[in-house]
Each structure stands twice: as C-alpha cells, then as structure tokens.
Amino acid sequence: PVEGKFNLMAFGADPTGALNSRPAAVKWLNRAVNAGKIAYIPEGTFLLPNAIGMDVTGQHVQIKGVSRYTSILRVPPVNTVGGILLTNSDITGSLIASDFCIARDGWGGTALAYTMPEGGVNTYRTATVSRVTARGWDRTGCGFTTGIDLTGTWRPLVSDCQAQGPWPVASQTN
C-alpha cells in the first residue's frame, strides 16, 4: 500500500473499462479491508461483470475514489446483482465511502450495499457515504434497495450522493 491506501490498479485492474476488473477488485478490496487500509479507486473506468460480495464482519471498511466523475466502477447488463455488496453480521464495524461512481448499463441490483443487524452501536456512526453517484439506478439514500442500501446501520450519514438514470436526477442529503 502507498500512504495507507491499496490502489485498485496495483492489483491488475484495467482502467479503460474494456477488460474484466472483477478478479483484481476482489483481491484489492479483501486486502484493503483485512489490512485496515483505504481501498482506493484511481481515475478510470473499471468493468465489474459480477458483483463483489464480501463478509466484512467487525471490520472498518473505507472505499475512496478521486471523484465521482473520474473513478467509475461499471456494471454491465449481464450483472443483475449489482456493484459492491458488503455484509456485516455483527453490530460493530463501519463503512466510509466517498468520491466514486457505480455506473449500471441496465436495470436491477444494488450499486453499493452495506448491511448489518438492526441496532448497531450507539457510540459511533456505522456508515458515512459522501459524493457517491449510482448511475442507472433510480434513487439513493438509507434503506432503499437500489442505489445505496445501508440497512441496519446506526446513524447513517448520506451526503451529496446522487442517483442518475433516464429519469430526473434525484439526490438526498441527511
């Protein structure tokens, strides 16, 4: 890792969006989460023909890009599940996600999901998502099953996030 970050391209991901970056993305996210470091998405478009599903029980997950306009995870129509799906089966752990886009070339699935048992811990916020765009889904916010899903999180903060599709742009800040 460089400066506490694991760079997606260092694991062999293709920034052109032409080649499958999922195998590299799985290694990248696993290594970053297990090391307690930032999973960094550099500028580029990274193709994910299948969702990245991961059990992150008790972990503090950080996913950060350069910007929601230049750090893009692309989900093609063959993937009906979604982008990044994280499950925490404990009431500890957290997610911080910022500055990237998950772009869907079709319908179905969830762009970014972080689910944990109801209740959480009341001593710290368990999910903070800012400046993330879910493109191709119809809404964003806590508790929805498209766009961004933060089911079970304690005091989630969603700020300056957007959902874009063939409908008017929707955004929610709480």
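Each remark here, short or long, concerns the structure printed above.
Attention here is on the structure that accompanies the text. (Residues numbered from 1 in each chain as written. Predicted model: local features only at pLDDT ≥ 70, side-chain atom pairs only at ≥ 80, totals over all residues. Heavy atoms only, no water.)

Another aspect to go through is the overall build of the chain. Along the backbone of the chain there are one helix and 15 strands. Relative to its full complement of 174 residues, the chain shows a buried share of 50%. In the chain, 79% of the contacts between residues at least 6 apart in sequence involve partners at least 24 apart. Looking at the chain as shown, the accessible area adds up to about 7500 Å², and 54% of this sits on carbon and sulfur atoms. (Helix = DSSP H or I, 4+ residues; strand = E, 2+ residues; numbered from the N terminus. Buried < 20%, exposed > 50% of the residue type's maximum accessible area, 1.4 Å probe, protein only. Contact = heavy atoms within 4.5 Å. Areas by Shrake-Rupley, 256 points an atom, 1.4 Å probe, with all protein chains shown as cover.)

A few words now on the pattern of salt bridges. Any two side chains of opposite charge can pair, given that their charged atoms come close. For the structure shown, the criterion picks out three salt bridges. Put simply, D160 and R68 hold a salt bridge, and the shortest N to O gap is 3.0 Å. Here the residue D160 occupies a position in the loop between β13 (157–159) and β14 (161–164), and R68 occupies one in the loop between β6 (60–65) and β7 (71–75), the gap between them amounting to 92 residues. According to the relative accessible area criterion, D160 is partly exposed, its value standing at 39%. Taking the relative accessible area as the measure of exposure, R68 reaches 9% and is therefore buried. In the salt-bridge network here, residues are joined through shared partners; they are K64, D99 and R131. (Salt bridge = Lys/Arg side-chain N within 4 Å of Asp/Glu carboxyl O.)

A word on helix α1 (residues 22–35). Taking 1.5 Å of rise per residue, 14 residues should cover 20 Å, and α1 covers 20 Å from first to last C-alpha, within 8% of that figure. Among the residues of α1, A24, A25, W28, L29, A32 and V33 are the ones counted as buried. The buried side chains of α1 occupy one side of the element, clustering within an arc of 150° when seen end-on. For α1, exposure combined with an orientation more than 90 degrees from the buried face picks out K27 and N34. Looking at the buried residues of α1, the elements they touch are β1 (5–7), β3 (38–41), β5 (52–55), β6 and β8 (82–87). One or two residues past the end of α1 sits G36, with phi positive at roughly 70°. (Expected span 1.5 Å × (residues − 1). Arc of directions from axis to C-beta.)

As a further point, take the sheet that holds strand β12 (residues 148–149). Spatial strand order, β5-β8-β10-β12: four strands in an open sheet with parallel pairing. In this open sheet, the two edge strands, each paired with only one partner strand, are β5 and β12. Of the pairings in the sheet, the one linking β5 to β8 comprises four bridges and is parallel in character. Along β8, the bridge assignment pairs M54 with L86. The strands that α1 touches are β5 and β8; relative to β5, the one it contacts most, it runs at about 25°. (Pairing = 2+ DSSP bridges. Axes fitted to C-alpha atoms, helices over the stretch in contact; angles between N-to-C directions.)

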